[in-house]
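Chain residues, written in single-letter form:
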Amino acid sequence: MNRRIAIRNMALILGSAAVLPSCLGDKNNSKPIVELKHLQLNGDEQQLVANLAETILPKTDTPGAKDLNLHLFAFKMIDDCMNKQQQDDFKAGLKAFADAADAKYKKSFNDCTVAERTAFVNEAEKDIKDKAKDDAKMLTFYQTVKQQTVFGYTTSQYFMTKQVVYELVPGRYNAMYPAAKKEAV
Amino acid sequence: MPTNTYDAIVIGSGISGGWAAKELTEKGLKTIMLERGENIEHIKDYVNANKGPWEFPHRGGRTQKMIEDYPVLKRDYPLNETNLNYWTNEKDAPYTEVKRFDWFRGYHVGGRSLMWGRQSYRWADVDFEANAKDGIATDWPIRYKDLHDWYGYAERFAGISGNKDGLAILPDGDFMPPMDMNVVEKDVQKRFKDFYKDTRHFVIGRTANITVPHNNRTNCQYRNKCWLGCPFGAYFSTQSATLPAAMATGNLTVRPWSIVTKIIYDKDTKKAKGVEILDAETNKTYEFFAKIVFVNASALNSAWVLMNSATDVWEGGLGSSSGELGHNLMDHHLGVGAGGRIEGFEDKYTFGRRANGIYIPRYRNLNGEKRDYIRGFGYQGGGSRQGWGRDIAELNIGGEFKDAMSEPGSWTFGMGGFGETLPYHENRAYLDKTKKDKWGLPVLAIDAECKDNERKMRIDMMNDAKEMLEKAGVKDVQSYTTDPVLGRGIHEMGTARMGRDPKTSVLNGNNQVWDAKNVFVTDGAAMTSAACQNPSLTYMALTARAADFAVKELKKGNI
């Protein structure tokens, strides 16, 4: 199959599996991308997560986080699998992340350029490695988004069938398989 | 002649119940198999078996709702969205934990034969002699020679793949060709052998996954999705193996939704007449009658059925005259081991997902060695190459990071111990009449714990794992241990033990209840000691042997 068509089909499949877009009124500035059951995020907050996911796994010559709806996957995981405390921490961390970006660039993370977002996220990565900043919630929020984005990516049909080889029925076990041929596990 | 009459009744449809049904029907007995839960039809009802990983909304994870609904199952790996329907609804069927006991149950046709780990090892003489030599609990009424042929019989039918390693501690069986070790496991095995010579052994796991076609079953396709149910019937389960054989005789009736509430005991003949059931869907009571009853409800539930039976004769239930019914509850203690990194082999990978690993059989307290505990432990483990989604130290985010995820990571090797738990009289299950399940039946209370012997053994289990991996060339070895919890091994045993004396055991050497000779218990309840090998193959052998005995006795008019 043509790769572009495959990717487009994939986006359709993933999109249809996700929660239906909300038609409810906005509590805040913009319309949420999806209505979640437990985790209440306004449109700006959801956009921030989507932009952050795209910063972590950007579109290159292969699809990025937004193409693959990885932000929707992250929302679903956080909404369904995290408990109330974790969700509250996530929200608090998101606010801290947004505020820190505002303070640094005098505009929202969503309004930042790709270069600015990348620089900002690289700084967060550095803070995590150096344990430099004591903003645990912000960094936990960032790590949660990264973890779910990466998990969503590496378990997506796109990745498992186009980036590596996945066979539902391998049919044999080759204990000495050349590593150059990638197989999903 | 009452209606609902058969030659034999089998209570339960898991590994041992399926075997009882197969053996009894093949010997010509009209048999009814009573299963408390729903029917799961082979292949058709394995609803998730052909899904890609991406088709699960949480990619196999667990939601808060699942965690709330399954307060026990959530404690370990079994809780996940891929086979949730195979695990017992804990709200409908609760139990009481006097001490923490992780009881992971499957109430449906096939029972835990659908979700089991499939590792299949014979026990050795040292295991059957252990209680007698140590002077604890009671002696097994049988020895390895009594089960030898039955092990072979069970292996040939079930289909066990394995290597003939020629070890006294882990007798060889009638195996199908073994699965391969991967490149790293072969390397670890070589170094292991160079260092330990013939004092310790490192072998490929022996598993109930067939490696050649067998009885209309397709050989293993290396999907490693066994716990979803196998559309190829490549691993042994009731559905793939014993049930079709039993159905083919025309002698089997299967009745799902049948909770056996008691065995009907006849004081005059001192035998069971049949069983009483509660239909789990309609709440109606029915009676079934038969010449023999096989109790295969799993160790704890088999004890529950017996405790609920003949209480007008024995307060503690059928088989309680020895005072041992429900006692001596055992499991294997685990959650201790080590793992590390393997250098090299970057150009090698594996293709296919092998549902098996390596095994290190017991080596402690053998050949005259005396540790500060008795018995021993084995290890299961394997080498694997880290996949995508791993932490990539040099790359944080961006396009290169994305691309790097499709490259395999470094090789790792890990293994965990399975330790023998001793049969302690005070480790027991009993009826908790203060609490009722959805059907108004009293629930089980479980009061059992690991003791000093297990705790001392675990120190060796952790330290030995680290030492062996280091000797075998594994780098950065980290060992781990956890507080031992019974039940977590999902190898419940001992609640209606076999023995030589009716005063100290519930069953005799043919798995007959001393107090009712036409009642046989051949699941984990029958075990007199626990050894450290996975026990299911022994249940299969014991069941086939007991069924053979039962039919011969029936023909002789003895029961």
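About the criteria used
Residues numbered from 1 in each chain as written. Chains lettered and ligands numbered in written order. Predicted model: local features only at pLDDT ≥ 70, side-chain atom pairs only at ≥ 80, totals over all residues. Heavy atoms only, no water. Helix = DSSP H or I, 4+ residues; strand = E, 2+ residues; numbered from the N terminus. Contact = heavy atoms within 4.5 Å. Areas by Shrake-Rupley, 256 points an atom, 1.4 Å probe, with all protein chains shown as cover. UniProt positions renumbered as here; feature names shortened; annotations may be inferred. Core = buried A, V, L, I, M, F, W, Y, C linked by side-chain atoms within 4.5 Å. Buried < 20%, exposed > 50% of the residue type's maximum accessible area, 1.4 Å probe, protein only. Domains from an automatic or database assignment. Axes fitted to C-alpha atoms, helices over the stretch in contact; angles between N-to-C directions. Parallel < 35°, antiparallel > 145°, perpendicular 65-115°, else oblique. Nonpolar A, V, L, I, M, F, W, Y, C, P; charged D, E, K, R; others polar. Salt bridge = Lys/Arg side-chain N within 4 Å of Asp/Glu carboxyl O. Buried area = accessible area lost by both parts, 1.4 Å probe. Polar contact = N/O pair within 3.5 Å; in protein donor to acceptor, adjacent residues only side chain to side chain. Pairing = 2+ DSSP bridges. Expected span 1.5 Å × (residues − 1).

Turning next to the overall build of chain A. For chain A, the count of helices and strands is seven helices and one strand. Starting at the N terminus and ending at the C terminus, chain A contains elements arranged as α-α-α-α-α-α-α-β. Across chain A, every contact between residues at least 6 apart in sequence was considered, and the portion connecting residues at least 24 apart equals 55%. Summed over all atoms, the accessible surface of chain A reaches about 9,300 Å², with 55% contributed by carbon and sulfur.

Glancing now at the UniProt feature "domain: Glucose-methanol-choline oxidoreductase N-terminal" (unreviewed entry) in chain B. With numbering aligned to this structure, UniProt lists the feature "domain: Glucose-methanol-choline oxidoreductase N-terminal" (unreviewed entry) at residues 97–332 of chain B. Between the end C-alpha atoms of residues 97–332 of chain B the distance is 18 Å, and the span holds 25% helix and 15% strand.

One finds F236, I263 and V275 of chain B to be the most contacted residues of the largest nonpolar core, which totals 113 residues. Both domains that meet at this core, namely domain 1 (1–52 + 103–161 + 236–331 + 423–450 + 491–559) and domain 2 (165–205 + 332–420 + 453–484) of chain B, each give it at least three residues. Formed by 44 residues, the second largest nonpolar core is a distinct cluster that contains I78, M82 and V150 of chain A together with F401 of chain B.

All names here are of chain B. Between helix α1 (residues 15–26) and helix α4 (residues 144–158), the least distance of the axes is 13 Å, while the angle of their chain directions is 100°. With respect to each other, α1 and α4 are oriented roughly perpendicular. Side by side, α1 and α4 meet where W19, K22, E23 and E26 of the first sit next to Y153, A154, F157 and A158 of the second. In terms of residue class, the contact of α1 with α4 is made up of five nonpolar, no polar and three charged.

So, about the pattern of salt bridges. One side chain can pair with another of opposite charge once the charged atoms of both are near each other. Residues and elements named next belong to chain A. The tally for this structure, following the rule as stated, stands at 55 salt bridges over all chains. As a salt-bridge pair, K37 and D80 come within 3.2 Å of each other at their nearest N and O atoms. You can see K37 sitting in the loop between α1 (3–17) and α2 (43–56) and its partner D80 sitting in helix α3 (residues 70–81), a full 43 residues away along the chain. Across the pair E167 and R172 runs a salt bridge whose closest N-O atoms are separated by 3.3 Å.

A few words now on the domain arrangement of chain B. Residue and element names in this part refer to chain B. Assigned domains of chain B: these are domain 1 (1–52 + 103–161 + 236–331 + 423–450 + 491–559) and domain 2 (165–205 + 332–420 + 453–484). Its C-alpha centre places domain 1 at a distance of 33 Å from the equivalent point of domain 2. Taken residue by residue, the interface counts 31 residues in domain 1 and 33 residues in domain 2. Interface area for domain 1 against domain 2, summed over the two sides, is near 2,500 Å², with a carbon-plus-sulfur share of 51%. Sorting the residues of domain 1 by area buried against domain 2 places S161, C450 and C532 first, and these three jointly supply 28% of that buried surface. Taken together, the connections running from domain 1 to domain 2 amount to two salt bridges. Measuring nitrogen to oxygen at the nearest pair gives 2.7 Å for the salt bridge that ties D134 to R375. In this structure, the connection of domain 1 to domain 2 is made through 15 residue pairs in polar contact (both at pLDDT 80 or more). Contributing elements (two or more residues each) for the side of domain 1 that touches domain 2: α3 (125–134) and α4. Considering each element in turn, the side of domain 1 that touches domain 2 owes the most residues, five residues, to α3.

With that settled, consider the interface of chain B and chain A. Facing the 45 residues of chain B at the interface are 56 residues of chain A. Buried area between chain B and chain A, both sides added, is near 4,400 Å², and the carbon and sulfur share of it is 62%. The largest share of the area that chain B buries against chain A comes from R59, F351 and K402 of chain B, three residues that together contribute 21% of it. Counting every contact that joins chain B to chain A gives zero salt bridges. Linking chain B with chain A are 18 residue pairs in polar contact (both at pLDDT 80 or more). Of all the secondary structure elements, the ones that give two or more residues to the side of chain B that touches chain A are β12 (348–351) and α8 (399–404) of chain B. Class assignment for the residues of the side of chain B that touches chain A results in 17 nonpolar, 13 polar and 15 charged. Alignment of strand β1 (residues 174–178) of chain A against β12 of chain B, held across three bridges, turns out to be antiparallel. The residue of β12 of chain B that forms the bridge with Y177 of chain A is Y349 of chain B.

The next thing to look at is α3 of chain A. The terminal C-alpha atoms of α3 of chain A, which comprises 12 residues, lie 16 Å apart, in line with the 16 Å expected from a rise of 1.5 Å per residue. Burial runs high along α3 of chain A: 11 of the 12 residues are buried. By the burial criterion, the buried members of α3 of chain A are L70, H71, L72, F73, A74, F75, M77, I78, D79, D80 and C81 of chain A. Where α3 of chain A is buried, its residues meet α2, α4 (84–105) and α6 (136–154) of chain A together with α2 (64–69) of chain B.

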